[in-house]
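Analysis of the macromolecular model
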Amino acid sequence: MSSTTLFSPALAARFDKLVTLYPVKRSALVPMLLYAQDEVGYLSDAVIVEIADRIGITELDVRNVISYYSLLRIKPAGKYHVQVCTNISCMLRGGNEILDHCKKKLGVANKGVTPDGLFSLEEVECIGACSWAPAAQVNYDFHENLTAEAIDKVLDDYRTKSKSGVAK
Amino acid sequence: MATLATHPDCVPVVSYRFGKGATDIGRYIELGGYDSVPKALALGPEGIINEMKASNLRGRGGAGFPTGLKWSFVPKQSAKPKYVLVNGDESEPGTCKDRLIFEQDPHSVIEGTIIAGLSVQAKMGFIYLRGEYRYLLQIMERAVAQAYTKGFLGKNIFGSGLDFDIVTQTGAGAYEVGEESALMESLEGKRGIPRIRPPFPAVVGLYGGPTIINNAETIATVPHIFRMGGAEYAKLGTERNGGTRLFCLSGHIERPGVYELPMGYNLKKMIYEVGGGIPNGKKLKAVVPGGASTPALTADEIDIGMDFDQVGKAGSMLGSGGVVVLDETTCMVEFALRTMKFYAHESCGWCIPCREGTDWLKKSLTRLHEGGAVDKDIDNIRYLAENMLGRTFCPLGDAAAMPTIAFVKKFRKEFEDHLDGKGCPYRHTHQEELVVV
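In this convention, every chain numbers its residues from 1, walking through the sequence in written order. Going through the entries in the order they are written, you letter the chains from A and number the ligands from 1. Under the rules for a predicted model, residues below a pLDDT of 70 receive no local features and side-chain atom pairs below 80 are neither given nor counted, while totals for whole chains, interfaces and linings still include all residues.

Another point: the overall build of chain A. Segments assigned H or I by DSSP are reported as helices when at least four residues long, segments assigned E as strands when at least two residues long, and all are numbered from the N terminus. Across its full length, chain A carries seven helices and four strands. Secondary structure elements in chain A, listed N-terminal to C-terminal, are α-α-α-α-β-α-α-β-β-β-α. With respect to the three principal axes, the spread of C-alpha positions in chain A is 50 × 35 × 25 Å. Residue burial in chain A is summarised as follows: out of 168 residues, 43% are buried. Note on contacts: residues are paired as contacts if their backbone-placed C-beta atoms lie within 7 Å. At a minimum sequence separation of 6, the contacts of chain A that also span at least 24 residues come to 59%. The exposure scheme places C-beta atoms from the backbone and then counts, for each residue, the other C-beta atoms within 10 Å of its own, assigning buried at 20 or more, exposed at 12 or fewer, and partly exposed in between.

Structure follows, in structure tokens:
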């Protein structure tokens, strides 16, 4: 492995271990992409090159995998990525209304990012919160049994958190 | 925090340790955890499979294949290593049960994986969670680390002389990866594209080795079968449908939630008594009995027992346990359209009937919903769906086609009400305008 890395020492060490866990190195690809994205914010060209190099596959192989998975992105999202489910169980309990409310509140369309980079919004498919619908995820955190007021509070809390400098 | 819902009719088996702090290995052991592995070790591979067969446990992922029989297909001798793969890529709309298991009882998944491994002499297991369940990966990783510390994983597990390792990871957002062969591709670091079968995973699976692949709930049930005995477990359910399962009630229902009920529990009772009926005095219109891919039942078709055979006989499927309830205000065209938007989004694109079929169905249903359709479009929707059936490598094409056929067949009048430029006669919940790529 090259001595220079884009990643923090902790993540680089995690990657060194990850590629040894599986019968084939390439199995570590999807987890590596996720963890890299969590740290860097998105899968930049440089991230893709380094991951390809760590696994010993081509950059194209990596891009081919990235384009398949909906959680992986090659452009930055907001610091808080708001993912509103509108699939059947959520739709029946007002998921579309929650999405519309978020669009108005944040002033962005689906897949948009607020000008300050704080929030991005995405309509997503079923997130596994059907019995607690309607639901949304902000980054990896679940917010369930939502109403317009509840999602307002969720978004306001993230805004406050960001201002006070508390990490996500 | 996802929590289990309860009702006097609930029978806690797989949820036996939920809400009791069993994420910690010490507490799990106090509650009888990891007692099943020594029992399984004493029985040996053949004994384990016989016990599983006696339990009448059928796969909780959706297809309902008998688990013991599935395990027995793994060849005894194999040049390549054998593997156990736990499918926690729960993504079927309407389904949120595996999430509870990982969150509240992660060690039951580990223990089940070990027993599955012992039944075929595998040395390695993988637990694959959906990418959205990142917080559960942390819970699972902690549980796996605790199991290593106790000597339940690693070299010479339980002093048996056998080795067994478990690796946990998540996916990155793909419904298709919940399909067994696509899951193996994903775990090998590739796009989740299904493989042609035969050969089946039991013979040629992960890394080309014989592989047991089961749904997370199926695996989490295994230790309980050895705790109670296979025959006792079987008795909780109906004929050929052993035990209990987690049902996820969602949609227009008074008390949505995940409930553990015996196999064969009456659907009508499940909705009206367990779930408290339909809110706001509304009437029931339809029930999707086992996740988005299962054909809807009308209000007068729900007096049936919820097991694989009885729901099958009623023309639908028990599926993944996701019971979605629709009241009389629901527009069935809109519901069909939302379902199809999902499948069009999730089709991996490998098979043309699925890739093109889901997209055309989405377009046709959109046109119908917006009032631009003509009479012939209704039959075209059904014709298109019928021609997708059985013509794809994996069941995603069928999963999109089957409910669509049922919607047209059972709610044709509603489809017709959208014709002649009228559009949707129901309260219109918003649909994103279509971007045709």
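Don't stop here, the text continues.
All names here are of chain B. For helix 10 (residues 267–274), the full list of buried residues reads L267, M270, I271 and V274. When helix 10 is viewed along its axis, its buried side chains cluster within an angular range of 120 degrees and face the same direction. Those residues of helix 10 that are buried are in contact with strand 5 (244–251), strand 6 (257–262), strand 7 (265–266), strand 8 (284–288), strand 10 (305–306) and strand 11 (322–327). With its phi angle positive at about 80 degrees, G276 sits one or two positions after the end of helix 10. Starting at the helix axis, one direction is taken to each C-beta atom, and the arc is that of these directions.

Residue and element names in this part refer to chain B. In this entry, domain limits derive from an automatic or database-based domain assignment. Here the domain parsing of chain B yields domain 1 (25–235), domain 2 (244–327) and domain 3 (332–416). Between domain 1 and domain 3, the C-alpha centre-to-centre distance is 34 Å. Taken together, the contact between domain 1 and domain 3 spans ten residues of the former and eight residues of the latter. Of the residues assigned to the side of domain 1 that touches domain 3, the class counts are six nonpolar, two polar and two charged. Only Asp, Glu, Lys and Arg are considered charged, only Ala, Val, Leu, Ile, Met, Phe, Trp, Tyr, Cys and Pro nonpolar, and every remaining residue, Gly among them, polar.

One full turn of an α-helix is made of 3.6 residues, so residues set three or four places apart face in the same direction. Residue and element names in this part refer to chain B. Residues I381, R382, A385 and M388 constitute the buried set of helix 14 (residues 375–388). Projected down its long axis, helix 14 carries its buried residues within an arc of 125 degrees, all on one side. With respect to the buried face of helix 14, the exposed residues turned more than 90 degrees away are D375, K376, D379 and Y383. On its buried face, helix 14 is in contact with helix 13 (352–369) and helix 15 (396–410). Looking at the residues trailing helix 14, positive phi occurs at G390, about 70 degrees.

In a soluble, globular protein the nonpolar side chains are often hidden away together inside. Joining buried Ala, Val, Leu, Ile, Met, Phe, Trp, Tyr and Cys residues through C-beta atoms within 7 Å gives a set, and that set is a nonpolar core. Core analysis: the biggest nonpolar cluster contains 179 residues, and L33 of chain A together with L85, V287 and V325 of chain B have the highest contact counts within it. Residues contacting L33 of chain A, with those up to four places away along its chain left out, are L43, I51, I66 and L72 of chain A together with A172 of chain B.

Before going further, it helps to examine the interface of chain B and chain A. Taken together, the 52 residues of chain B in the interface contact 39 residues of chain A. Counting residues per element, the ones that place at least two in the side of chain B that touches chain A are helix 6 (134–149), strand 3 (165–170), helix 7 (180–187), strand 5, strand 6, strand 11 and helix 12 (332–346) of chain B. Considering each element in turn, the side of chain B that touches chain A owes the most residues, six residues, to helix 12 of chain B. Residues belonging to the side of chain B that touches chain A are distributed by class as follows: 20 nonpolar, 21 polar and eleven charged.

Residues and elements named next belong to chain B. Note on pairing: two strands pair once DSSP finds at least 2 bridges between them. The sheet built from five strands is open, its strands ordered 6-5-11-8-9 with mixed pairing. Of all the strands in the sheet, just strand 6 and strand 9 (297–298) have a single pairing partner and so form its edges. Every axis corresponds to a line fitted to the C-alpha atoms, with the helix fit spanning only the stretch in contact, and the corresponding angles, defined between N-to-C directions, vary from 0 to 180 degrees. Packing of helix 10 onto the sheet brings it into contact with strand 5, strand 6, strand 8 and strand 11, and relative to strand 6 it is tilted by some 135 degrees.

This part covers unusual backbone geometry. Residue and element names in this part refer to chain B. Put simply, R197 and P198 share a cis peptide bond, and its omega is -5 degrees. If you trace the backbone, P198 turns up in the loop between helix 7 and strand 4 (211–215). Here the residue pair P198 and P199 is connected by a cis peptide bond, since its omega of 0 degrees sits within 30 degrees of zero. Backbone geometry places R240, a non-glycine residue, at a positive phi of 60 degrees. Tracing the sequence through the fold places R240 in the loop between helix 9 (230–235) and strand 5.

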